[in-house]
Amino acid sequence: WDDGPPSLTMKTLVRAVEEETVAVSVIARDPTLRSVTCGDVRVESPGGTLRTQFVVSLRDEVTNTILGGARDAAGRATTNTRKIVRDSTPPRISEIEPSRPVAVPRVLLRARVEDGLLDTVEVSPSAGSGGRQNGIYSAPVDLSVGTNLFRVTARDRAGHVATRLASVLRVQSEEPV
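Let me sum up the structure you'll find in this document. Throughout this document, residue positions are counted from 1 along each chain, in the order its sequence is written. Totals for whole chains, interfaces and linings use every residue, but because this is a predicted model, local features are given only for residues with pLDDT of at least 70 and side-chain atom pairs only at 80 or more, for both listing and counting. The side-chain figures draw on all heavy atoms in the structure; neither hydrogens nor water molecules are used.

## A short note on unusual backbone geometry
The peptide bond linking Glu 97 to Pro 98 adopts the cis configuration, its omega dihedral lying at 10°. Runs of E in the DSSP output that reach at least two residues are strands. Runs of H or I that reach at least four are helices, and both are numbered from the N terminus. Relative to the assigned elements, Pro 98 resides in the loop between strand E9 (92–97) and strand E10 (106–114). Unlike most non-glycine residues, Asn 134 shows phi in positive territory, near 50°. The topology assignment puts Asn 134 in the loop between strand E12 (131–133) and strand E13 (136–142). Buried residues are those whose accessible area, probed at 1.4 Å on protein chains only, stays under 20% of the maximum for their type, while exposed residues exceed 50% and partly exposed ones sit between those limits. By relative accessible area, Asn 134 is classed as exposed at 70%.

The structure is reproduced here in structure tokens:
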């Protein structure tokens, strides 16, 4: 006895990709299952359980909502969606500060990091854990007298990595006599 619409499960292994397509696994169940759709593709079914994988094309640099559906012989339907972001660009690192010489042994190194899918930002070497607020990442760094070199690395959820080198000049402080 069939008293409801089909069940439909959609899964993807990723939420952000660089590629133009993504694989979507679909499982639909209903004793009188007739069809399953994912994106623009439709597959007919003789009933029961259908397990299949669809390859769906993504639009450039946007959040893509992938619609799936299942319909039974009585015309009852179920829909489901998955959101996948297509991202083909790495994070952008800019405005690293301090940009002027300093006379202290420790400063907060700050960098503007832009990416809609930013995952992590690291400063190396760092004197502690950093934080991010309003697009600015900051981390404490220890300075020796002279030029100090640091590497800022940003990763996004699509797997892109950006690295930028920064230097901070520490000058010898002159104590008043």
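## Concerning the environment of Gln 133
Looking at where Gln 133 falls in the secondary structure, it is placed in strand E12. What makes Gln 133 exposed here is its relative accessible area of 59%. Once the C-alpha coordinates of Gln 133 and Arg 15 are considered, the two residues, 118 residues apart in sequence, prove to be 23 Å apart.

## Side note on the pattern of salt bridges
Any two side chains of opposite charge can pair, so long as their charged atoms come close to each other. Salt bridges are identified by distance alone: a Lys or Arg side-chain nitrogen within 4 Å of an Asp or Glu carboxyl oxygen. Counted by the stated rule, this structure contains eight salt bridges. One salt bridge in this structure joins Arg 110 and Glu 97, with 3.1 Å as the shortest N-O distance. With Arg 110 in strand E10 and Glu 97 in strand E9, this residue pair connects regions lying 13 residues apart in the sequence. Here Arg 110 falls in the partly exposed class, since its relative accessible area comes to 32%.

## Considerations on the sheet that holds strand E5 (residues 41–44)
Pairing between two strands is assigned when DSSP locates at least 2 bridges connecting them. Strand order across the open sheet formed by five strands is E2-E8-E7-E4-E5, with mixed pairing between neighbours. The open sheet has two free edges, formed respectively by strand E2 (16–17) and E5, since each of these has just one partner strand. Across four bridges, strand E4 (residues 33–38) lies against E5 in antiparallel orientation. The residue bridging Thr 37 from the neighbouring strand is Arg 42, located in E5.

## What to know about the side chain of Asp 87
For Asp 87, the position within the fold is in the loop between strand E8 (77–86) and E9. When charges are counted, Lys and Arg contribute as positive and Asp and Glu as negative, whereas His and the chain ends are disregarded. Although buried, Asp 87 forms no salt bridge, and the nearest oppositely charged side chain, Arg 157, lies 7.7 Å from it. Contacts between residues were defined by any pair of non-hydrogen atoms, one from each residue, lying within 4.5 Å. The residues touching Asp 87, leaving out its near neighbours within four places in the chain, are Val 17, Glu 18, Glu 61, Asp 115, Leu 117, Asp 156, Ala 158 and His 160.

## Topic: the sheet that holds strand E11 (residues 118–124)
Taken in spatial order, the three strands make up an open sheet running E11-E14-E15, and their pairing is antiparallel. Strands at the two margins of the open sheet, each flanked by one partner only, are E11 and strand E15 (161–170). Strand-to-strand, the axes of this sheet are offset by a mean angle of 20°, without reference to chain direction. Geometry is summarised by axes, namely lines fitted to C-alpha atoms with helices restricted to the contacting stretch, and by angles between N-to-C directions that run from 0 to 180 degrees.

## Structural notes on the environment of Thr 78
Summarising the element assignment, Thr 78 is placed in strand E8. The sequence separation of Thr 78 and Gly 159 amounts to 81 residues, and the corresponding C-alpha distance is 33 Å. Beyond its immediate chain neighbours, meaning those up to four positions away, Thr 78 contacts Pro 5, Pro 6, Leu 8, Gly 68, Gly 69 and Ala 70. Only 2.4 Å separates the side chain of Thr 78 from the backbone oxygen of Pro 6, close enough to count as a polar contact. Here a polar contact means two N or O atoms within 3.5 Å. Within protein one must be a hydrogen donor candidate and the other an acceptor candidate, and residues neighboring in sequence count only if both atoms are side-chain atoms.

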